[in-house]
Amino acid sequence: MATQNLDLVTPRVGSPRITVIGTGYLGATHAICMAVLGYDVLGVDVDPAKIDALASGRVPFYEPGLPEKLREALDAGRLRFTTDFDEAAAFGDVHFVCVGTPQAPGSHAADLRYVDSAFTELARRITRKALLVGKSTVPVGTADRLTALVQEVSPIGTELELAWNPEFLREGFAVEDTLHPDRLVFGVASEWAEEQLRRVFRPILEEGTPLVVGDLPTAELVKAAANSFLATKISYINAMAEICETTGADVTVLAEALSHDARIGGKFLKPGLGFGGGCLPKDIRAFRHRAEELGVGDAISFLDQVDQINLRRRSRTVDLARELVGGSLDGVKVAALGAAFKPNSDDVRDAPALDVARMLYLEGANVVVYDPEANVNAHRVYPDLDYVESLAEVVDGADVVLLLTEWDEFRDADPAALGVLVAERRIIDTRNVLDAEAYRSAGWTYRALGRPAAVEVPAESEAVA
Ligand code: UDX
């Protein structure tokens, strides 16, 4: 398949030189992948620790496959890192800005100080025609504002152009999503800018990747709309889980039945503890905030409900745990399986798993946490919880086990073997990934979100399957 030929493509004569400003999750992946595609790339960050780690071949976060690509890119001599903006301005023809836009303290708005600073610092140093490309997720209207700002501070004025190229990569699949995306989106204000982006992404476009070209506000909105849609889909099925919980229906069977309708589809329709991470929660809040500012808040006020449904899954999990242990969590030993916001990640930003662990702790439970990759990050956020280094240790003597992040290690565990280690065979499967029957046969009380306490398989479910 053509996709295999993208690795370490030979550089083309006259290829643009690329800088990537911000070497966090998005920027590091983009810089490494651009070098793998054959371009000369300079990664830039204000944090010397990140720059030193990457320059010495170490990826400072967990992402399967990325360390190998970093090594390839460094060995090929196509990737360097610096903290020096003068060097970046002199080096690049196309500058990608990939800095974070976290939720602002005490508000739902996006905090744009890093974006503003990166664009300004670059712009005031650039002395030849160049393209600045934003990749960060920003409120609609930011690119137009930044265009005026950079052209004002730049020595070359309107010769410095700005484009927007939203990024849709998922943690855990960052390399695949960057090298072989579902689509590319270019937001441009001139034909020249579009041409530059087409050159930069040529190897990916040559694979037949769909390209959508629009203006700057449309490109900004694509990202907000996509993440809002995904969050809404997850909260939709979790709202159905709430209905199932009061009617005795089974949300996993319901979801499967819906998924066979090609118009609905099964992706992002997995009921459970809901969404977290560094993107979906803050992006829907920032979008909602921006719509209010623009006077069109009513158009997406449903996103408040999406957020609320999502957060209610966490308190419902705590209710279920309390119910299962007989009414009080005080002094109860809880085994928390997982801390990361999803498997194959060490990211605990807005992690539902860790939030549930925290809520249980606040009710007096003795919470022990094990995550295969996220223990260190989790400990930094909640040092009061106990952390252990293995599945066997976390369940040892537990009164109740909660599966909170669906790592393979937890899915594949043997219920009989786990049963020997716990004090009481009680498990809550908040991600609906375990074999309920296998657990029940091994003597466990198995509970899950959106499903009845004891499963009676309805005859209709066979017709659906
Ligand atoms: C997301 C978007 O998918 C990506 O396109 C965007 O660029 C950044 O935000 P990511 O944050 O890596 O990516 O996570 P994703 O795989 O989308 O999962 C988000 C959350 O939703 C996780 O907490 C996951 O557990 C949860 N989820 C996902 C569900 O609860 N049910 C589902 O069916 C799917």
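A.B. asks: Any chance you could explain the packing of aromatic side chains here in plain terms?
C.D. replies: The geometry of an aromatic ring pair is captured by the separation of the ring centres together with the interplanar angle, meaning the angle of the planes. Scanning the model with the defined rule gives 7 aromatic pairs in all. Here the aromatic rings of Phe 186 and Phe 201 are separated by 5.6 Å at their centres, their planes lie at 35°, and the arrangement is tilted. Of this pair, Phe 186 sits in strand E7 (residues 184–187) while Phe 201 is found in the loop between helix H8 (191–200) and helix H9 (202–205), placing the two residues 15 residues apart along the sequence. Its relative accessible area of 0% is what places Phe 186 among the buried residues.

A.B. asks: Explain the environment of Leu 26 here, please?
C.D. replies: The topology assignment puts Leu 26 in helix H1 (residues 25–36). With residues up to four places along the chain from it excluded, the contact list for Leu 26 reads Cys 98, Lys 135, Glu 167 and Leu 169.

A.B. asks: I would appreciate a short explanation of the packing of helix H5 (residues 113–123) against helix H6 (residues 142–153) in the present structure.
C.D. replies: Packed helix pairs are characterised by how far apart their axes lie and by the angle those axes make with each other. Where H5 contacts H6, the two axes come as close as 8 Å, and the packing angle between them is 30°. By the angle between their directions, the pair H5 and H6 is classed as roughly parallel. Where H5 crosses over H6, the handedness of that crossing is right-handed. Packed against H5, whose contacting residues are Val 115, Asp 116, Phe 119, Thr 120 and Ala 123, the element H6 presents Arg 145, Leu 146, Leu 149, Val 150 and Val 153 at the interface. Looking at side-chain class alone, the contact of H5 with H6 contains 7 nonpolar, 1 polar and 2 charged residues.

A.B. asks: What should I look at first to understand the site of the ligand in this one?
C.D. replies: Taken together, 20 residues lie around the ligand, and Phe 168, Glu 171, Lys 270, Phe 341 and Lys 342 are the ones closest in. At a separation of 3.5 Å, an oxygen atom of the ligand approaches a polar side-chain atom of Lys 223. In this structure, Leu 269 approaches the ligand through a main-chain N or O atom, which is 3.3 Å from an oxygen atom. Burial of the ligand by the protein chains amounts to 92% of its free accessible area of 670 Å². When the residues that make up the shell around the ligand are grouped by side-chain class, the tally is 10 nonpolar, 3 polar and 7 charged.

A.B. asks: Quick question: what am I supposed to make of the pattern of salt bridges here?
C.D. replies: Pairing between side chains of opposite charge can happen when the charged atoms of each approach one another. If you walk through the whole model with that rule in mind, you get 35 salt bridges. Put simply, Asp 261 and Arg 263 hold a salt bridge, and the shortest N to O gap is 2.8 Å. Each of Arg 285, Asp 307, Arg 314, Asp 350, Asp 355 and Arg 358 takes part in salt bridges that share partners, so that together they form one network.

A.B. asks: Sorry, what's going on with the side chain of Asn 227 here?
C.D. replies: Inspection of the secondary structure assignment puts Asn 227 in helix H10 (residues 216–247). Beyond its immediate chain neighbours, meaning those up to four positions away, Asn 227 contacts Cys 279, Leu 280, Asp 283 and Ile 284.

A.B. asks: Mind showing me how you'd approach the sheet that holds strand E12 (residues 400–403) here?
C.D. replies: Strand pairing in a sheet relies on backbone hydrogen bonds, with the paired strands running either antiparallel or parallel. Read from one edge to the other, the open sheet built from 6 strands follows the order E11-E10-E9-E12-E13-E14, with strand pairing classed as parallel. Two strands bound the open sheet, and with one partner strand each, they are strand E11 (386–387) and strand E14 (445–448). As paired elements, strand E13 (residues 426–429) and E14 share 4 bridges and run parallel to each other. By the bridge assignment for E14, Ile 428 is matched with Arg 447.

A.B. asks: Looking at this structure, how should I read the pairing of strand E6 (residues 160–164)?
C.D. replies: Regular strands show a simple pattern: their side chains alternate between the two faces of the sheet. Within E6, 5 of the 5 residues are buried, leaving the element largely enclosed by the surrounding structure. The alternating pattern of E6 places Leu 160, Leu 162 and Trp 164 on one face and Glu 161 and Ala 163 on the opposite face, and all of these are buried. Inspection of the sheet shows strand E5 (residues 130–134) paired to E6 by 5 bridges, in the parallel sense. Residue Gly 134 lies in a different strand from E6, and its bridge partner there is Trp 164.

Conventions we followed
- Residues numbered from 1 in each chain as written.
- Predicted model: local features only at pLDDT ≥ 70, side-chain atom pairs only at ≥ 80, totals over all residues.
- Heavy atoms only, no water.
- Phe/Tyr/Trp six-rings, centres within 6.5 Å; stacked < 30°, edge-to-face > 60°.
- Helix = DSSP H or I, 4+ residues; strand = E, 2+ residues; numbered from the N terminus.
- Buried < 20%, exposed > 50% of the residue type's maximum accessible area, 1.4 Å probe, protein only.
- Contact = heavy atoms within 4.5 Å.
- Axes fitted to C-alpha atoms, helices over the stretch in contact; angles between N-to-C directions.
- Parallel < 35°, antiparallel > 145°, perpendicular 65-115°, else oblique.
- Left-handed = near helix turned anticlockwise from the far one by under 90°.
- Nonpolar A, V, L, I, M, F, W, Y, C, P; charged D, E, K, R; others polar.
- Near = heavy atom within 4 Å.
- Polar contact = N/O pair within 3.5 Å; in protein donor to acceptor, adjacent residues only side chain to side chain.
- Areas by Shrake-Rupley, 256 points an atom, 1.4 Å probe, with all protein chains shown as cover.
- Salt bridge = Lys/Arg side-chain N within 4 Å of Asp/Glu carboxyl O.
- Pairing = 2+ DSSP bridges.

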